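If you want the building blocks of each chain, they are given just below.
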Amino acid sequence: MFREIAGDFRSHKRALISQGFWALAFHRYGSAVRSIKFAPIRLPLKVIHLFLIKFSEIFFGIYIGANAKIGERCVIEHFGSIIVHSEVRIGNDVRLRQGVTIGNKSADKPNEVPILHNGVDVGAGAKILGAVVIGERAVIGANAVVVKDVPAGAIAVGVPAKIKYKEAPGPAIVQPRSNNNR
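The notes below deal with the structure included here. (Residues numbered from 1 in each chain as written. Predicted model: local features only at pLDDT ≥ 70, side-chain atom pairs only at ≥ 80, totals over all residues. Heavy atoms only, no water.)

Description of the packing of aromatic side chains
Step number 1: Across all of its chains, the model carries seven aromatic pairs by this definition.
Step number 2: Where F55 meets F59, the ring centres are 4.7 Å apart and the plane angle is 40°; that geometry is what we call tilted. Of this pair, F55 and F59 are both found in helix α3 (residues 39-60), four residues apart, which corresponds to roughly one turn of the helix.
Step number 3: On the basis of relative accessible area, F55 is assigned to the partly exposed category, the value being 36%.
Step number 4: Taken together, a centroid distance of 5.6 Å and an interplanar angle of 85° make the contact between F55 and F60 edge-to-face.
Step number 5: Its relative accessible area of 12% is what places F60 among the buried residues.
Step number 6: Three or more aromatic residues link up through ring pairs in this structure, and these residues are F9, F21, W22, F26, F55, F59 and F60. (Phe/Tyr/Trp six-rings, centres within 6.5 Å; stacked < 30°, edge-to-face > 60°. Helix = DSSP H or I, 4+ residues; strand = E, 2+ residues; numbered from the N terminus. Buried < 20%, exposed > 50% of the residue type's maximum accessible area, 1.4 Å probe, protein only.)

Following this line, the structure appears as structure tokens:
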């Protein structure tokens, strides 16, 4: 737990005032508490975690479900209106911005939730819904609504999101020097 919190702290540029850092720290604390087998110790600590979740939700606008699995060095860049479903799986080095929702698509299928692999970058206001898989280093554009899988390295933009692929850079064009600079 402490190693992950230290990594989150470094990822948030060592900003103790970052609401995203604190929301993740509360989540890491809750994950550690759930691993305690001895109920007389686990239960009061779990109650503390429930208060921390509610504190994060009210004061930061960030809700991270208690059972969500979040990898190392996750960054929540801006606070406000962020919802992460309790069953979501998020890889390492993922970046979330304000207004992001990662959760189920239907009340009939409450546990069909997204999986975000390593290095995913989620733009402001994006919604990732249902049993979709977001591949490594994929980029989800601002306000995109993702309801189908996004391959590794691709970009998803629009409502509903359409998949675009990053173009390979062409050869560098070097401009000749002007002789007027003598």
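Some points on the sheet that holds strand β5 (residues 89-90)
Step number 1: Pairing in this open sheet of four strands is parallel, and the strands run β2-β5-β8-β11 from one edge to the other. Taken across any chain shown, the strands that pair with only one partner, and hence form the sheet edges, are β2 (69-70) and β11 (133-134).
Step number 2: Where β5 meets strand β8 (residues 115-116), two bridges bridge the pair, whose relative direction is parallel. Residue pairing in the sheet places R89 in a bridge with I115 of β8. (Pairing = 2+ DSSP bridges.)

What about unusual backbone geometry?
For residues besides glycine, phi is generally negative; the peptide bonds are generally trans as well.
Step number 1: Cis geometry marks the peptide bond from V159 to P160, where omega comes out at -15°.
Step number 2: By secondary structure assignment, the location of P160 is in the loop between β14 (154-157) and β15 (162-165).
Step number 3: The phi angle at R14 is positive, at roughly 55°, despite the residue not being glycine.
Step number 4: Checked against the element boundaries, R14 lands in the loop between α1 (2-11) and α2 (19-34).
Step number 5: The exposure class of R14 is exposed, given its relative accessible area of 54%.

Points about the side chain of H49
Step number 1: With respect to the helices, strands and loops of the structure, H49 is situated in helix α3.
Step number 2: Among the residues examined, H49 registers a relative accessible area of 2% and is labelled buried.
Step number 3: Polar side-chain contacts of H49 include one of 3.3 Å to the backbone oxygen of F26.
Step number 4: Residues contacting H49, with those up to four places away along its chain left out, are F26, H27, Y29, G30, R34 and A66. (Polar contact = N/O pair within 3.5 Å; in protein donor to acceptor, adjacent residues only side chain to side chain. Contact = heavy atoms within 4.5 Å.)

Considerations on the pairing of β14
Step number 1: By the alternation rule, side chains of β14 split into A154 and A156, which are all buried, and I155 and V157, of which none is buried.
Step number 2: Across four bridges, β14 lies against β15 in antiparallel orientation. Bridged to A156 within β15 is I163.
Step number 3: Hairpin connection between β14 and β15: a loop of four residues separates the two successive antiparallel strands, and G158 in this loop has a positive phi of roughly 100°.

Digging into the nonpolar core
Step number 1: If you look at the biggest cluster of nonpolar residues, it comprises 34 residues, and the most contacted ones within it are I64, L116, V122, I128, I134, I140 and V146.
Step number 2: Among the elements of the structure, α2, β1 (62-64), β4 (82-84) and β14 are those that each provide at least two residues to this core.
Step number 3: The element that contributes the greatest number of residues to this core is α2, accounting for three residues.
Step number 4: If we ignore the near neighbours within four places in the chain, the residues touching V122 are R95, L96, R97, V100, L116, I128 and I140. (Core = buried A, V, L, I, M, F, W, Y, C linked by side-chain atoms within 4.5 Å.)

A word on the sheet that holds strand β3 (residues 75-76)
Step number 1: Spatial strand order, β3-β6-β9-β12-β14-β15: six strands in an open sheet with mixed pairing. Of all the strands in the sheet, the pair left with one neighbour each is β3 and β15.
Step number 2: Summarising the sheet, strand β9 (residues 121-122) and strand β12 (residues 139-140) pair through two bridges and their orientation is parallel. Looking at β12, one finds that V122 is bridged to I140.

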